[in-house]
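Chain residues, written in single-letter form:
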Amino acid sequence: MAGSDIEMEYGTACSENENAFAEQVELSIRKKFHKKIFSRFAKAINQYNMLQEGDKVAVCISGGKDSMLLAKCFQELQKHRKFYFELVFLVMDPGYHMVNRRQIEQNAQVLNLPLTIFETQIFDAVEQIEKSPCYLCARMRRGYLYSKAKEIGCNKIALGHHYDDVIETILMGMLYGGQVQTMMPKLHSTNFEGMELIRPLYLVREADIQHWRDYNGLRFLQCACHFTDVCANSSNGEMYSKRQEVKELIRSLKKTNPYVEGNLFKSVENVNLNTIIAYKQNGRKHHFLDSYETGTLSDEGGR
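This is a predicted model, so every value here is computed, not measured.

1. As for the packing of helix α2 (residues 34-47) against helix α8 (residues 206-215)
For any two helices packed against each other, one specifies the crossing angle of their axes together with the interaxial distance.
Part 1: The N-to-C vectors of α2 and α8 enclose an angle of 120°; their axes lie 10 Å apart at closest approach. With respect to α8, the axis of α2 lies oblique. Remark: the crossing between α2 and α8 carries left-handed chirality. Facing Lys36, Ile37 and Arg40 of α2, the residues of α8 in contact are Asp208, Ile209 and Trp212.

Shown next as structure tokens:
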């Protein structure tokens, strides 16, 4: 897939005041938020082996707090890098209203982020879709980002999903999807050979991202979708409302169990296949009865 031929760069020329503000934001990442944001960002990259020498990473910026912070963390990492890698701060305009597009550009300017923007018509394409437009929009966005990133020589795209996204996805899958799965820290692309997706904010808490945003007096896009208003009250916004419901559930459970968030995260790291009735791997389903007669399962340990 490909967008239009219009491609622009923003954020390359900051005023003296804007440079000073960008330096203040960068200092906050190095100092005040080093432990809760930058250290966890770096830990995720190391723990999940997300970055290698010679990588060219398209840091995908939607205009929200998460992707903007991701971009700034990557800039900081590049200053102290132990090996060479390249960054492109990539924005796909799916058909934003001008006020939203301009806000992204202005934020990039004051944060000293040299954006590469390309245009598509995704909003127009999904606007008339009645069934699951949000799902279709997300798939199309991902495809356009992979395509553009590969076109400009990148081998990875980085998305701004954080720790809370991960645990909410785990619980949503169980409660509404009838399955145990998680949002992986990195993935190989199925449709774009040689491309990889990474999520470096994987260990960073949303509350800390919000704190960083508010501490620096930053204002980012919440959602720039054309039909956000109707989504909130229709089947189009079902997954959005379910995620909000799960957020509230986790918050409620935490009142009586302060470890519930960590336990949710660890639950997909500590899967015991001997206690699973069935599971899928590489498209093939495995059932406990397939090997039951071999005697590999017993009631030892109280299970």
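Once you've had a look at it, read on.
2. Details of unusual backbone geometry
Part 1: A positive phi angle is found at asparagine 49, which is not glycine, with a value near 50°.
Part 2: Locating asparagine 49 in the fold gives a position in the loop between α2 and β2 (56-60).
Part 3: Assessed through its relative accessible area of 46%, asparagine 49 is described here as partly exposed.
Part 4: For asparagine 282, which is not a glycine, the phi torsion comes out positive at approximately 55°.
Part 5: The exposure class assigned to asparagine 282 is exposed, which follows from its relative accessible area of 82%.

3. Brief notes about the environment of isoleucine 45
Part 1: Topologically, isoleucine 45 is positioned in helix α2.
Part 2: We classify isoleucine 45 as buried; its relative accessible area is 7%.
Part 3: The residues contacting isoleucine 45, other than those within four sequence positions of it, are Met50, Leu51, Phe74, Leu77 and Pro200.

4. Notes on α8
Part 1: Turning to α8, its buried residues number three or more, namely Glu206, Asp208, Ile209, Trp212 and Arg213. Along the axis of α8, the buried positions cluster into a sector of 165°, meaning they face one direction only.
Part 2: Among the residues trailing α8, glycine 217 stands out with phi positive, at a value near 65°.

5. Observations regarding the packing of aromatic side chains
Part 1: Applying the stated criterion to the full structure yields 10 aromatic pairs.
Part 2: Consider the rings of tryptophan 212 and phenylalanine 220, whose centres lie 6.2 Å apart with planes at 10°: the pair is stacked. With respect to burial, tryptophan 212 and phenylalanine 220 carry one shared label: buried.
Part 3: Of the aromatic side chains, those joined through ring pairs into one cluster are Tyr48, Tyr163, Tyr202 and Phe265.
Part 4: Of note, lysine 32 hangs over the ring of phenylalanine 33, and the distance from its end group to the ring centre comes to 5.9 Å.

6. A few points about the nonpolar core
Part 1: Ranked by internal contacts, the top residues of the largest apolar core, which has 74 residues, are Phe41, Phe74, Leu113, Leu115, Ile157 and Trp212.
Part 2: The leading source of residues in this core is helix α3 (residues 65-79), at 7 residues.
Part 3: In contact with isoleucine 157, not counting residues within four places along its chain, are Ala58, Cys60, Arg142, Leu145, Tyr146, Ala149, Met195, Glu196, Leu197 and Ile198.

7. Observations regarding the pairing of strand β3 (residues 86-93)
Part 1: Among the 8 residues in β3, 7 count as buried, and that is most of the element.
Part 2: Sheet topology note: the β2/β3 ladder contains 5 bridges and is parallel. Counted as the bridge partner of alanine 58 is valine 88 from β3.
Part 3: As a crossover connection, the stretch from β2 through α3 into β3 is right-handed.
Part 4: Of the pairings in the sheet, the one linking β3 to strand β4 (residues 115-119) comprises 5 bridges and is parallel in character. By the bridge assignment for β4, aspartate 93 is matched with glutamate 119.
Part 5: With helix α4 (residues 98-110) bridging β3 and its parallel neighbour β4, the resulting β-α-β unit is right-handed.

8. Brief notes about the state of the cysteines
Part 1: Enumeration according to the criterion identifies 0 disulfides in this entry.
Part 2: Left unpaired, cysteine 60 is separated from the closest cysteine sulfur, that of cysteine 154, by 8.5 Å.

9. Comments concerning the confidence of the model for the protein
When pLDDT is low, close inspection of the predicted coordinates is not appropriate.
Part 1: Within the protein, residue pLDDT values average 87, and 82% of them lie at 70 or more.
Part 2: Low pLDDT (under 50) marks residues 229-236, which in the prediction has 6 contacts with non-local residues, meaning those over four places away or in another chain.

10. Structural notes on the side chain of lysine 65
Part 1: Within the secondary structure, lysine 65 is located in helix α3.
Part 2: A polar contact is formed between the side chain of lysine 65 and the side chain of glutamate 206, at a distance of 3.2 Å.

What counts, and where the lines are drawn
Residues numbered from 1 in each chain as written. Predicted model: local features only at pLDDT ≥ 70, side-chain atom pairs only at ≥ 80, totals over all residues. Heavy atoms only, no water. Axes fitted to C-alpha atoms, helices over the stretch in contact; angles between N-to-C directions. Helix = DSSP H or I, 4+ residues; strand = E, 2+ residues; numbered from the N terminus. Parallel < 35°, antiparallel > 145°, perpendicular 65-115°, else oblique. Left-handed = near helix turned anticlockwise from the far one by under 90°. Contact = heavy atoms within 4.5 Å. Buried < 20%, exposed > 50% of the residue type's maximum accessible area, 1.4 Å probe, protein only. Arc of directions from axis to C-beta. Phe/Tyr/Trp six-rings, centres within 6.5 Å; stacked < 30°, edge-to-face > 60°. Lys NZ or Arg CZ within 6 Å of the ring centre and 35° of its normal. Core = buried A, V, L, I, M, F, W, Y, C linked by side-chain atoms within 4.5 Å. Pairing = 2+ DSSP bridges. Right-handed = clockwise from strand over helix to strand, strands pointing away. Disulfide = S-S within 2.5 Å. pLDDT = per-residue confidence, 0-100. Polar contact = N/O pair within 3.5 Å; in protein donor to acceptor, adjacent residues only side chain to side chain.

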